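Chain and residue survey
This is what each chain is made of:
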Amino acid sequence: MPRPLTPIPSQLTSTPFSRRDALAVSVTDRTLEGPSYRPMLQGAHACATLQVTHAARIRAARTVLPDDAVLGGRSALWAWGVEVASEDTPVEVILPPDRRVRNRAQVRVRGDVLLPGEWVASAWGPTTTPARTAFDVGRRGVLRESVPLLDALARATGVTADDVARLARVHRGARHLTRLTPALAEMDGRSESMRESLLRLLVAEAGFDRPVLQHTVRDADGRFVARVDLAWPELRLALEYDGSHHDDPAQIMHDRRRLNALHACGWRVLVIDRHQMRDEARVVGMIRDLRRTAATSRRVDPECDETHP
């Protein structure tokens, strides 16, 4: 027979809490193991009705970690508005290398040196600055992992590659700096989604000329026609990435009108979606074919102005 739900003290209903906090209001260990509560991570719990999100995981971690633990990595990205951390993503924190704090389930503790000005107080506790967050993220994994995150952080906060490069010069002995340089070379906050960033990287890997990001197309009278994701203005060729929101019927009608307006200006547009990106070789082939066609039929069209801001 299932154990009945027990009344939850009001101070434990809205946010995660530590075992010590629970014991202080007469909630026993046996009660914490019952159906009224859920474990959030080692030493921290929440009432069973509380939704488990990365925010809740951070709140739980704050109840058991030292006050000076600084959010870093994906948790810092999340705090700056880049929502790449799910409810199952471990909370990442940074502490000085000489601090002996163990990793635990759902918490990843990294020993590292943070200089003054590399972290700030936030609603989620101490958090690495955008530049320091980018410095850490940019040294992780391959470009396809780091660059979309750097793009999203730049878009959310305005941090630039130059900001990160200045910080890197202070940390000349840091690990994996060789990964950071090419990542910063590709970092661009004008990319409007992570998959758009991946499409841009695919274009670079295939050896095509670097496209213009968020290119504005105007007609011969200077009227706005469209802003396209990636463009080769000299060829009047655009690449667009369509996310899932483009499946909405109203959005489909808007997209058709927009494509017709671009075609009327002599532009060729290749639209790539998440399904096509599963076959990258085919996407590269389509881009190559369309570039070849655009180059061989290149002409001057007085109906459009090829300038962009």
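Presented here is a report on the structure given in the accompanying data block. All values derive from a computational prediction rather than experimental measurement.

1. Points about the pattern of salt bridges
On inspection of all chains with the given rule, the structure shows 21 salt bridges. For the salt bridge of R210 with E186, the shortest nitrogen-to-oxygen distance reads 3.5 Å. Of the two residues, R210 sits in the loop between α9 (194-205) and β9 (212-219) while E186 sits in helix α8 (residues 177-186), which places them 24 residues apart along the sequence. A residue is classified by how much of its surface remains accessible, and R210, at 58% relative accessible area, is exposed. Residue classification places E186 among the buried residues on the basis of a relative accessible area of 13%. For R223, the salt bridge is made with D221, and the minimal N-O distance between the two is 3.2 Å. Under the relative-accessibility criterion, R223 is labelled exposed at 51%. Each of the salt bridges in this network shares a partner with another, and the network as a whole consists of R110, D112, E118, R132, D136 and R139.

2. Side note on the layout of surface pockets
Taken as a whole, the second largest pocket spans an internal volume of roughly 300 Å³. Lining the second largest pocket we find 16 residues, and of these R110, D112, R139, R175 and H176 sit closest to its centre. Where the lining of the second largest pocket is concerned, the elements lending two or more residues are β6 (107-111) and α5 (130-137). Each residue belonging to the lining of the second largest pocket can be placed in one class, and the counts come to three nonpolar, five polar and eight charged.

3. Focus on the pairing of strand β5 (residues 91-95)
Where burial is concerned, most of β5 is hidden: five out of the five residues are buried. Where burial is concerned, the two faces of β5 agree: the one with V91, V93 and L95 and the one with E92 and I94 are both buried. As paired strands, strand β4 (residues 70-71) and β5 are joined by two bridges and run antiparallel to one another. When the bridges of β5 are listed, L71 appears paired with V93. Looking at chain direction, β5 and β6 are connected through five bridges and run parallel. The residue bridging I94 from the neighbouring strand is R110, located in β6.

4. A few points about the packing of aromatic side chains
Scanning the model with the defined rule gives three aromatic pairs in all. When the ring of W78 is compared with that of W124, the centres are 4.8 Å apart and the planes differ by 75°; the resulting orientation is edge-to-face. Of this pair, W78 sits in helix α4 (residues 73-79) while W124 sits in the loop between β7 (119-120) and β8 (127-128); the two residues are 46 residues apart in sequence, bridging distant segments of the chain. Its relative accessible area of 16% is what places W78 among the buried residues. For R139, the ring lying beneath its charged end belongs to F135, and the centroid distance is 4.1 Å.

5. Some words on the sheet that holds strand β2 (residues 37-41)
Spatially, three strands are ordered β1-β3-β2 in an open sheet, and the strand pairing comes out antiparallel. The sheet terminates laterally at β1 (17-18) and β2, the two strands that pair on one side only. Sheet topology note: the β2/strand β3 (residues 44-47) ladder contains four bridges and is antiparallel. Note on β3: the bridge partner recorded for P39 is H45. Set on the sheet, helix α3 (residues 54-64) makes contact with β1, β2 and β3; between it and β2 the angle comes to about 75°.

6. Re the packing of α5 against helix α6 (residues 143-157)
Where α5 meets α6, the axes come as close as 10 Å, and the angle between the chain directions of the two elements is 175°. Compared by their axis directions, α5 and α6 come out roughly antiparallel. Across from P130, T133, A134 and V137 in α5, the residues of α6 making contact are S146, L149, L150, L153 and T157. Grouping the amino acids of the contact of α5 with α6 by side-chain chemistry returns six nonpolar, three polar and no charged.

7. What about the environment of A183?
Its location among the elements puts A183 in helix α8. Each C-alpha atom, one on A183 and one on A134, is 9.8 Å from the other, the two residues being 49 residues apart in sequence. Apart from the residues within four sequence positions on either side, A183 is in contact with G138, L143, S146, V147 and L150.

The rules we used
Residues numbered from 1 in each chain as written. Predicted model: local features only at pLDDT ≥ 70, side-chain atom pairs only at ≥ 80, totals over all residues. Heavy atoms only, no water. Salt bridge = Lys/Arg side-chain N within 4 Å of Asp/Glu carboxyl O. Helix = DSSP H or I, 4+ residues; strand = E, 2+ residues; numbered from the N terminus. Buried < 20%, exposed > 50% of the residue type's maximum accessible area, 1.4 Å probe, protein only. 1 Å grid on protein atoms, 1.4 Å probe; cavity = no way out; pocket = protein on both sides within 12 Å on 5 of 7 lines; lining within 4 Å. Points joined across faces, edges and corners; volume = space filled by probe spheres on them. Nonpolar A, V, L, I, M, F, W, Y, C, P; charged D, E, K, R; others polar. Pairing = 2+ DSSP bridges. Phe/Tyr/Trp six-rings, centres within 6.5 Å; stacked < 30°, edge-to-face > 60°. Lys NZ or Arg CZ within 6 Å of the ring centre and 35° of its normal. Contact = heavy atoms within 4.5 Å. Axes fitted to C-alpha atoms, helices over the stretch in contact; angles between N-to-C directions. Parallel < 35°, antiparallel > 145°, perpendicular 65-115°, else oblique.

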